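Examining the three-dimensional arrangement
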Amino acid sequence: PIDPMSITFQPPTGGMTPSGPVLSRRMSDLEGLFADTAAWRAARDEADPVVYEVASSPVPEAPGELPQSITTIHPGAVGGEFHMTKGHQHPNPQGEIYLGLSGTGGLLLFDGTTPKWIPMAPGVIGYIPPGWAHRSVNTGDEPYRFLAVYPGDAGHDYGWVLEHGMGWRVLRGAGEPRFAPFQAEPV
Ligand code: 6PG
Ligand code: NI
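This write-up is about the structure you can find in this document. Per chain, residue numbering runs from 1 following the sequence as it is written. Chain labels run from A onward and ligand labels from 1 onward, assigned in the order the entries are written. Confidence filtering applies because this is a predicted model: local features only for residues at pLDDT of at least 70, side-chain atom pairs given and counted only at 80 or more, and all residues used for totals across whole chains, interfaces and linings. Computation of side-chain values covers all heavy atoms of the structure but excludes hydrogens and water.

Comments concerning the coordination of the nickel ion (ligand 2)
Quick reminder of the rule: Note that water is not among the atoms used; donors are N, O and S atoms within 2.8 Å of the metal (3.2 Å for Na, K and Ca), so sites may look incomplete. Geometry is assigned from donor-metal-donor angles: four donors are tetrahedral when every angle falls between 85 and 135 degrees, four are square planar and six octahedral when opposite donors sit over 155 degrees apart with all other angles between 65 and 115, and any other arrangement is irregular.
Taken together, the protein donors to the nickel ion (ligand 2) comprise His-88 (NE2), His-90 (NE2), Glu-96 (OE) and His-134 (NE2), at separations of 2.1 to 2.2 Å. Note that the nickel ion (ligand 2) binds six donor atoms; their angles at the metal cover 72 to 170°, and the shape is octahedral.

Quick look at the structure:
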């Protein structure tokens, strides 16, 4: 266990003080996730932009602890499919809590059978029950940022999403996001 502590959230950057590791996911890190492979390759080869960043608290991923992270997804789309996180399952199934901090987006959940969508905005608490894979999507024109709190021994399984998908793809629509079946060929 570690000592009680306070962590300060930095609104301009989505950083935490004190901070643990900070991760940057570029387009090149997201191979095989977007339906439009040609559009993904073009974006990677052109500027390889940072799609999202994850700042972690110093709380360790250990049994009994509750680590937190702040994710910032930059706005944009690849072949009409909104910028999103890789998505994962927690191999040791346990719940997780998200709190919207800025921008607009959503939480795409999939239990292997049924996809669910929770619209996220500042002040919205999204609850992920045990056993639901989750991916975050920026559906707006500004950075979408949220806090996540998860059990320290939950683990992260990224292979599950590559194998099973997330049920839906979230596409730019006329005003509202549009949902397409995950298995769809390039959109
Ligand atoms: C977690 C949270 C969250 C997530 C990030 C990045 O379990 O730690 O769900 O912090 O990891 O939003 O998403 P990916 O882990 O799917 O890349
Ligand atoms: Ni998670």
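Remarks on the pattern of salt bridges
Just so we agree on the cut-off: Salt bridge, as applied in this entry: a Lys or Arg side-chain nitrogen positioned within 4 Å of an Asp or Glu carboxyl oxygen. The classification of residues rests on relative accessible area computed with a 1.4 Å probe and restricted to protein chains. Under 20% of the type maximum is buried, over 50% is exposed, and intermediate values are partly exposed. To qualify as a helix, a DSSP run of H or I must reach at least 4 residues; to qualify as a strand, a run of E must reach at least 2; elements of each kind are numbered from the N terminus.
Applying the stated criterion to the full structure yields two salt bridges. Linking Arg-44 and Asp-45 is a salt bridge whose minimum nitrogen-to-oxygen distance equals 3.0 Å. Classification of Asp-45 as exposed rests on a relative accessible area of 54%. With a shortest N-O distance of 2.7 Å, Glu-81 and Arg-169 are connected by a salt bridge. Placement of the pair is Glu-81 in strand S7 (residues 81-82) and Arg-169 in strand S14 (residues 168-171), with a sequence separation of 88 residues. One exposure class covers both Glu-81 and Arg-169, and it is buried.

Structural notes on the pairing of strand S5 (residues 68-73)
The criterion, for reference: Here, strands pair whenever DSSP counts at least two bridges between them.
Among the six residues in S5, six count as buried, and that is most of the element. Where burial is concerned, the two faces of S5 agree: the one with Gln-68, Ile-70 and Thr-72 and the one with Ser-69, Thr-71 and Ile-73 are both buried. Of the pairings in the sheet, the one linking strand S4 (residues 50-56) to S5 comprises five bridges and is antiparallel in character. When the sheet's bridge partners are listed, Val-54 is paired in S5 with Thr-71.

Points about the sheet that holds strand S10 (residues 115-120)
The cut-off we apply is this: Under this scheme, a helix contributes an axis fitted over its contacting stretch, all axes are lines through C-alpha atoms, and angles between N-to-C directions fall in the 0 to 180 degree range.
Spatially, S10-S9-S12 is the arrangement adopted by the three strands of the open sheet, whose pairing is antiparallel. Only two strands of the sheet have a single partner each, and these edge strands are S10 and strand S12 (133-138). Across the sheet, the mean angle separating the axes of adjacent strands is 20° when strand polarity is ignored. Pairing of strand S9 (residues 105-110) with S10, which is carried by six bridges, proceeds in the antiparallel orientation. The residue of S10 that forms the bridge with Gly-105 is Met-120.

Quick notes on the environment of Ser-69
Applicable threshold: Working rule for contacts: check all heavy atoms of both residues, and any pair within 4.5 Å makes them a contact.
Mapped onto the elements of the fold, Ser-69 is located in strand S5. Measuring from C-alpha to C-alpha, the distance between Ser-69 and Phe-110 comes to 21 Å, with 41 residues separating the pair along the chain. Discounting residues that sit within four places of it in the chain, Ser-69 has contacts with Met-16, Val-54, Ala-55, Ser-56, Phe-146, Leu-147, Ala-148 and Tyr-150.

Here we look at the packing of aromatic side chains
Remark: the centre distance and the inter-plane angle together describe each pair of aromatic rings, the angle taken between the planes. The line we're drawing: Pairing of aromatic rings covers Phe, Tyr and the six-membered ring of Trp, with a centre-to-centre limit of 6.5 Å; geometry is then stacked below 30 degrees between planes, edge-to-face above 60, and tilted otherwise. Only when the NZ atom of a Lys or the CZ atom of an Arg is both within 6 Å of the ring centre and within 35 degrees of the ring normal do we say a charge sits over the ring.
Under the counting rule described, the total for this entry stands at five aromatic pairs. One Lys or Arg, Lys-86, reaches over the ring of Tyr-158 and ends 5.1 Å from the middle of that ring. Here the basic side chain of Arg-169 rests over the ring of Phe-182, its NZ or CZ set 4.2 Å away from the ring centre.

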